[in-house]
Amino acid sequence: MRNLTSKSGSLTPAFFRKEQTAAFLLLFPSILILGVFNIYPAFYSIVLSFFEWNGFSPDIPFVGIENYKTLFTNGVFYNSLLVTIIYSVVVTFGSLIIGLLVAVALDRDIKGKTLYRILYFLPVVTPTVASGVVWKYLFDPTQGIINTMLSYINIQGPAWLNDSAWALFSVSIVGIWKRIGFCMIIYLAALQGVSANLYEAARIDGATEFNILKSIKIPLLSPATLFLTITGFIDSFRIFDLVYVMTNGGPVDETDVLGLMLYRNGFEYFKLGYASSIAVGIFGILLILSFVQWKFTQGGEAY
Amino acid sequence: MKKGVVLLLFISLITVLSFAGVNIEFWHYWDGANGDKLEELVETFNEAHPDITIEPIFIPGSSIVTKIQTASLSGRTPALAISDIIKISLIAETGQLVDLKPFIAKDDYNIDDFYEELLVYGQRDNQLVSLPVSSSNLGLFWNKRLFKEAGLDPEKPPKTWEELVEYSEQIKEKTGKIGYELYTQGGEGTTWQWQVFLWGAGGEFLDPVTNYQKAAFNSEAGRKALQFWYDLIHEYEVSSISPWGLFGRGEAAMVMDGSWMVQFFPMQVDFELGAAVFPHPEDGVPATNMGGEQIFVFNKSEEEKQAAWEFIKWFTGKDIQIEWDKATGFIPVKKSVANDDGYVAYIKNTKRLLLPFVESGKYANARPPINEYPEISDIFSKEILKALHDRMSVEEALESAEALVNDILK
């Protein structure tokens, strides 16, 4: 404030003060709502992670870092961490590659390209729970469409969600399916920025479409790729609803992602302190990822 | 002296007056036909008790525990509520549930008429904080059409595990269908079905002598039960690891399911159904697991507590319970109801499928009434599934589960 009442002596100070008051008044409702429903609970869960509480008992003993000790010495946590990382890698890169191919394919003048773009984008806006339920039917080992189709060509399909070897992959397919549209939109936007002169020059030099993709498009799209990689990781790291609906972590613990582990401890076992420590763990990992994003994109400037 | 009498009259008048308008909330999650019947019963009660008004409030089953939790923190609990038996010990942690023992003693209320296994859930130190109001249990359902196709007598269900395997193999051979459907999706669904096999083989889940503070399933009976599940899948190949629901689609000939399915299966399936007490090993005992609801009172004013107790006393009375069980398809919580000639005749004539479940009432075992149960059940199911998925042997799975469960309980 003191800086604003500057030596210039103009009308600015009063004006600024007024503008700030107005800004504060306008922001106040959102700050209040964010504060009560987002920021306070977030900080409260950090506090809670140092206590042991079942949500019912009136005594809430302080246990120090006991919850974190349990967390980091627990096989279940490392299994969930691994499952989440595998899921994130498969979904992030799977959707990125397919999204790129779709974007390149739809970046030309073909009939009905708007329709295709809409179709590819639809899964992004379809509610996750609904998608999960539908895919669960598609994956049904005996009555699902997928295995029925496979049986026509004499392939005995796996039990998908009920097969230890296939379950995580099956869930990832749905994750990829839901994200292709988003990757496509980002790539399409980025492709608009590539000058047509470059393609023309390349074609004159006798480059094939594949050469153009490999040597012009992919390198020029690298900022978009970086952006999609990082947001992909952040999004898929928080996966919960899809897995909850499709497998609930099973078979055994093959798809037991961190979000599910958190939910189970908090709302099924009522171990609120421990669940909070898992939340803080996920927060820490996401914080590092966001930091990496910030660093690589020079504070978001590069993209 | 005169003054004293007037004062006494005055005080009793006040008490009567204040008693006159007791209005209490009753939180429940019974919907459909059950909810309608409850509303009807409550209305009858309110009419018969002009001084008490019970107000039933429906809260979805999935959120009633959370709702009770927040209510207990903000001091807005209802006077009366129900919950799933397995959640009572957790709710009792609030320290806000009223001990019913003084009421029981004062009114000479016959507590021994309840099945004892149901009363463990309300035990807390030396108190009794809840009473059973509804019950359900598990039994065997079979598909008579598949039995016929396989050349089996469709009116004769297996009585032992040995017969279960024998019949299943014949069904597999003759019809190509799954003989017996296992619940392999994990969680409490797997654990509570497995417990029926464990109890049937003569085992215990947690050690009752230590007040359920120690795992007891890693026993001969436990190994026998888990080995039986493993063999059903891998040795006899009459069960499979697959999503739940094969029986309902006619893809499996037998299944273990709950008494509530007596209502739902007939609407779902296009074949004739049979229901029976669940098979047990030849040298074992009949057993079943049970679910259900219990009612409890939150700490409120004396009048409200008394009114809540009046309702419980009325609602758990034999005649009302008979009416309730007839309308809802719940299994009796009282022996006098299960043995009542009128009730039994009614079930025989109109709900024959329910009969074996009523009979199973006396074979029912209680799941451990402890706070940690949901976590234990979850972890336990994961370990036994590892055996079924061939990730470890039966012995290793039970040992590993024992270590994990004891670690939670310590």
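Conventions we followed
Residues numbered from 1 in each chain as written. Chains lettered and ligands numbered in written order. Predicted model: local features only at pLDDT ≥ 70, side-chain atom pairs only at ≥ 80, totals over all residues. Heavy atoms only, no water. Buried < 20%, exposed > 50% of the residue type's maximum accessible area, 1.4 Å probe, protein only. Helix = DSSP H or I, 4+ residues; strand = E, 2+ residues; numbered from the N terminus. Arc of directions from axis to C-beta. Contact = heavy atoms within 4.5 Å. Core = buried A, V, L, I, M, F, W, Y, C linked by side-chain atoms within 4.5 Å. Domains from an automatic or database assignment. Buried area = accessible area lost by both parts, 1.4 Å probe. Salt bridge = Lys/Arg side-chain N within 4 Å of Asp/Glu carboxyl O. Polar contact = N/O pair within 3.5 Å; in protein donor to acceptor, adjacent residues only side chain to side chain. Nonpolar A, V, L, I, M, F, W, Y, C, P; charged D, E, K, R; others polar. 1 Å grid on protein atoms, 1.4 Å probe; cavity = no way out; pocket = protein on both sides within 12 Å on 5 of 7 lines; lining within 4 Å. Points joined across faces, edges and corners; volume = space filled by probe spheres on them.

**Topic: helix 5 (residues 128–138) of chain A**
Residues and elements named next belong to chain A.
Piece 1. For helix 5, the complete set of buried residues consists of Ser131, Gly132 and Trp135. Down the axis of helix 5, the sector holding all buried residues measures 100 degrees, keeping them to one side.
Piece 2. Looking at the buried positions of helix 5, the neighbouring elements they touch are helix 6 (145–152), helix 7 (167–192) and helix 11 (241–246).

**Quick notes on the nonpolar core**
Nonpolar side chains tend toward joint burial in soluble globular proteins.
Piece 1. Of all hydrophobic cores here, the largest spans 139 residues; its most connected members are Leu131 and Trp194 of chain B.
Piece 2. Built from parts of two domains, this core gets at least three residues from each of domain 1 (2–136 + 292–362) and domain 2 (137–290 + 366–409) of chain B.
Piece 3. Discounting chain neighbours no more than four positions away, the residues touching Trp194 of chain B are Phe205, Phe217, Gly222, Ala225, Leu226, Trp229, Phe380, Ile384 and Leu398 of chain B.
Piece 4. In this structure, Tyr187, Ala202, Ile216 and Leu242 of chain A belong to the second largest nonpolar core, which totals 40 residues.

**Things to note about the interface of chain A and chain B**
When the parts of a complex come together, some accessible area is lost, and that lost area is often taken as the interface size.
Piece 1. Opposite the 24 residues of chain A that make contact, chain B presents 23 residues.
Piece 2. Roughly 2100 Å² of surface becomes buried between chain A and chain B when both sides are summed, with 53% attributable to carbon and sulfur atoms.
Piece 3. The shortest N-O distance in the salt bridge between Asp253 of chain A and Arg391 of chain B comes to 3.0 Å.
Piece 4. Across the chain A-chain B interface, the total number found is 13 residue pairs in polar contact (both at pLDDT 80 or more).
Piece 5. Of the residues contributing to the side of chain A that touches chain B, the split by class is nine nonpolar, eight polar and seven charged.

**Structural notes on the domain arrangement of chain B**
Residue and element names in this part refer to chain B.
Piece 1. Entries for chain B in the domain assignment read domain 1 (2–136 + 292–362) and domain 2 (137–290 + 366–409).
Piece 2. One C-alpha centre belongs to domain 1, the other to domain 2, and the line joining them spans 32 Å.
Piece 3. Listed as interface residues are 22 residues of domain 1 and, on the opposing side, 27 residues of domain 2.
Piece 4. If you sort the residues of domain 1 by the area they bury against domain 2, Ser136, Leu353 and Phe357 come out on top, with a joint share of 34%.
Piece 5. For the pair domain 1 and domain 2, the number of links is zero salt bridges.
Piece 6. The interface formed by domain 1 and domain 2 includes seven residue pairs in polar contact (both at pLDDT 80 or more).
Piece 7. Only helix 4 (88–92), helix 6 (116–119), strand 6 (130–143) and helix 16 (355–360) provide two or more residues apiece to the side of domain 1 that touches domain 2.
Piece 8. With four residues, the single largest contributor to the side of domain 1 that touches domain 2 is helix 16.

**A short note on empty space enclosed by the protein**
Piece 1. Across all of its chains, the model carries one cavity of 30 Å³ or more by this definition.
Piece 2. Looking at the largest cavity, its volume works out to about 30 Å³.
Piece 3. Around the largest cavity, the lining residues are Glu268, Tyr269 and Phe270 of chain A together with Ile86, Lys87, Leu90, Ile370, Asn371 and Pro374 of chain B.
Piece 4. Its residues placed into classes, the lining of the largest cavity shows six nonpolar, one polar and two charged.
Piece 5. For the lining of the largest cavity, the two domains that each supply at least three residues are domain 1 (2–136 + 292–362) and domain 2 (137–290 + 366–409) of chain B.

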